[in-house]
Amino acid sequence: MRFQFEIVPDSVGLQGCFSVRRRVSGTVDRRAERAGIEVDPIGIAAVVADGVTYVHRDALTGWPIPTDWVVVSAPLDEGMIAALTAALGPDLASLVLAFALPDPPSVVAEAALKAMRSAELLDVGPGDDPEVRRVKVDIDSAKLAQGTSATVSGVDDVPLTLVFTIGDTGEITAVAARISSPPSAADDENFGYRTTYETDESVAAPDLPNPDDVTTIDEVAIPESPRPPDISCTVGP
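Please read all numbers here as calculations on a predicted model, not as lab measurements.

Asker: What's the story with the overall build of the protein chain in this structure? I'm lost.
Answerer: In terms of regular secondary structure, the protein chain is built from five helices and twelve strands. Of all 237 residues assigned to the protein chain, the portion counted as buried reaches 41%. On the protein chain, roughly 12,500 Å² of surface is accessible, and the fraction owed to carbon and sulfur atoms is 50%.

Asker: What exactly am I supposed to notice about the pairing of strand 3 (residues 34-39) here?
Answerer: A regular strand places its side chains on the two faces of the sheet in alternate fashion. In terms of residue burial, strand 3 counts as a mostly covered element, since five of its six residues are buried. As paired elements, strand 2 (residues 24-29) and strand 3 share five bridges and run antiparallel to each other. Within strand 3, the residue paired with valine 28 across the bridge is alanine 35. Count of turn residues in the strand 2/strand 3 antiparallel hairpin: four residues, of which glutamate 33 carries a positive phi of about 55 degrees. Bridging between strand 3 and strand 4 (residues 43-48) involves five bridges; their strand directions are antiparallel. Within strand 4, the position partnered with glycine 36 by the bridge is valine 47. Connecting strand 3 to the next strand, strand 4, in antiparallel fashion are three residues.

Asker: Help me understand a negative patch on the surface in this model?
Answerer: A cluster of like negative charges, contributed by Asp128, Asp129, Glu131 and Asp168, occupies part of the molecular surface. With respect to the helices, strands and loops of the structure, glutamate 131 is situated in the loop between strand 7 (116-121) and strand 8 (133-140).

Asker: Help me out: how do you make sense of the side chain of arginine 34 in this one?
Answerer: Mapped onto the elements of the fold, arginine 34 is located in strand 3. Arginine 34 sits in the buried class, given a relative accessible area of 16%. A polar contact of 2.6 Å, which involves the side chain of arginine 34, links it to the backbone oxygen of proline 206.

Asker: What's the story with the pattern of salt bridges in this structure? I'm lost.
Answerer: One pass over the structure, following the stated rule, counts six salt bridges. The salt bridge involving glutamate 6 is made with arginine 23; its shortest N-O contact spans 3.3 Å. Here glutamate 6 is found in strand 1 (residues 2-11), whereas its partner arginine 23 is found in the loop between helix 1 (15-18) and strand 2, with 17 residues between them in sequence. Among the residues examined, arginine 23 registers a relative accessible area of 45% and is labelled partly exposed. Residue arginine 57 is joined to aspartate 68 by a salt bridge in which the shortest nitrogen-to-oxygen separation is 3.3 Å. Of this pair, arginine 57 sits in the loop between strand 5 (52-56) and strand 6 (69-73) while aspartate 68 is found in the loop between strand 5 and strand 6, placing the two residues eleven residues apart along the sequence. The class for arginine 57 is partly exposed, based on a relative accessible area of 34%.

Asker: Sorry, what's going on with unusual backbone geometry here?
Answerer: One can expect most non-glycine residues to show negative phi and most peptide bonds to be in trans. Here aspartate 40 and proline 41 are connected by a cis peptide whose omega angle stands at -5 degrees. Mapped onto the fold, proline 41 is located in the loop between strand 3 and strand 4. Geometrically, the link from alanine 74 to proline 75 is a cis peptide bond, its omega value of 0 degrees lying close to zero. Among the structural elements, proline 75 can be located in the loop between strand 6 and helix 2 (78-88). One non-glycine residue, glutamate 33, lies in the positive phi region at around 55 degrees.

Asker: Quick question: what am I supposed to make of the nonpolar core here?
Answerer: It is characteristic of soluble globular proteins that their nonpolar side chains tend to be buried jointly. In this structure, Leu60, Trp63, Leu88, Leu162 and Phe164 are the most contacted members of the largest nonpolar core, which totals 49 residues. Those residues in contact with phenylalanine 164 that lie beyond four places of it in its chain are Val108, Ala109, Ala112, Arg133, Arg134, Val135, Val137, Ile172, Ala174 and Val175.

Asker: Where do I start with helix 4 (residues 105-114) in this structure?
Answerer: Turning to helix 4, its buried residues number three or more, namely Pro105, Val108, Ala109, Ala111 and Ala112. All buried residues of helix 4 lie within an arc of 165 degrees about the axis, which places them on one face of the element. What points out from helix 4, more than 90 degrees from its buried face, is the exposed set Leu113 and Lys114.

Asker: Where do I start with helix 2 in this structure?
Answerer: Note that an α-helix has 3.6 residues per turn; residues three or four places apart therefore point the same way. Those residues of helix 2 that fall on the buried side of the exposure criterion are Met80, Ala83, Leu84, Ala87 and Leu88. In a view along the axis of helix 2, the buried residues occupy a sector of 115 degrees, so they form one face of it. Against strand 5, strand 6 and helix 3 (90-96) lie the buried residues of helix 2. One side-chain oxygen at the N-terminal end of helix 2 lies 3.1 Å from the backbone nitrogen of glycine 79; it belongs to aspartate 77. Directly after helix 2, the chain includes glycine 89, whose backbone phi takes a positive value near 85 degrees.

The rules we used
Residues numbered from 1 in each chain as written. Predicted model: local features only at pLDDT ≥ 70, side-chain atom pairs only at ≥ 80, totals over all residues. Heavy atoms only, no water. Helix = DSSP H or I, 4+ residues; strand = E, 2+ residues; numbered from the N terminus. Buried < 20%, exposed > 50% of the residue type's maximum accessible area, 1.4 Å probe, protein only. Areas by Shrake-Rupley, 256 points an atom, 1.4 Å probe, with all protein chains shown as cover. Pairing = 2+ DSSP bridges. Patch = residues over 30% accessible without salt bridge, like charges linked within 9 Å, V, L, I, M, F, W, Y side chains within 5 Å. Salt bridge = Lys/Arg side-chain N within 4 Å of Asp/Glu carboxyl O. Lys, Arg positive; Asp, Glu negative; His and termini not counted. Charge placed at Lys NZ, Arg CZ, Asp CG, Glu CD. Polar contact = N/O pair within 3.5 Å; in protein donor to acceptor, adjacent residues only side chain to side chain. Core = buried A, V, L, I, M, F, W, Y, C linked by side-chain atoms within 4.5 Å. Contact = heavy atoms within 4.5 Å. Arc of directions from axis to C-beta.

Encoded structure:
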């Protein structure tokens, strides 16, 4: 099975300008057990294989990496995990540090059913395709994180709502998620994301890097203050 996905942050107000959330996309080839992860403006920022992830040095600005790629695998100490998360940003880091292929939407749906608190079929809205269904599921986020990879996890035990979009062929085409903030929170503290999926057997994940062009992460000195990714921000129409 080959599919493409795109994770788009859904920040309210100015939060998107002050966070390091960013759009991440990828191609997963489950037969080849390989995935390519992309972010702007780098392009292919990581290649995920079984148990290891190759990270392009352009995604680790300021790190003294002598080759184009650095290979990362578990176990990592807390200092390395924190440094990689700071440098890659939480969205890319969650995929890099999972050391597993991103889940297809069917796996996300199965995990959501196991962690479900309640569910409802949403009404068709104005301008919506009547053949497309949307199902809202309130989730025990701690249980969900146990059943999925980083594509739809990475949340603490807080109220979480998932909305599954199901196309006319019965395939899940999108999963929207939003964390429910406490009543005292400001609107700008709300955060969510939307992951879209497209099955496409014509596309393949990138090849693994040449071994001569790879450095292991334990050969790289961690910068004292890892530089976060450059995030572009646009507010308003």
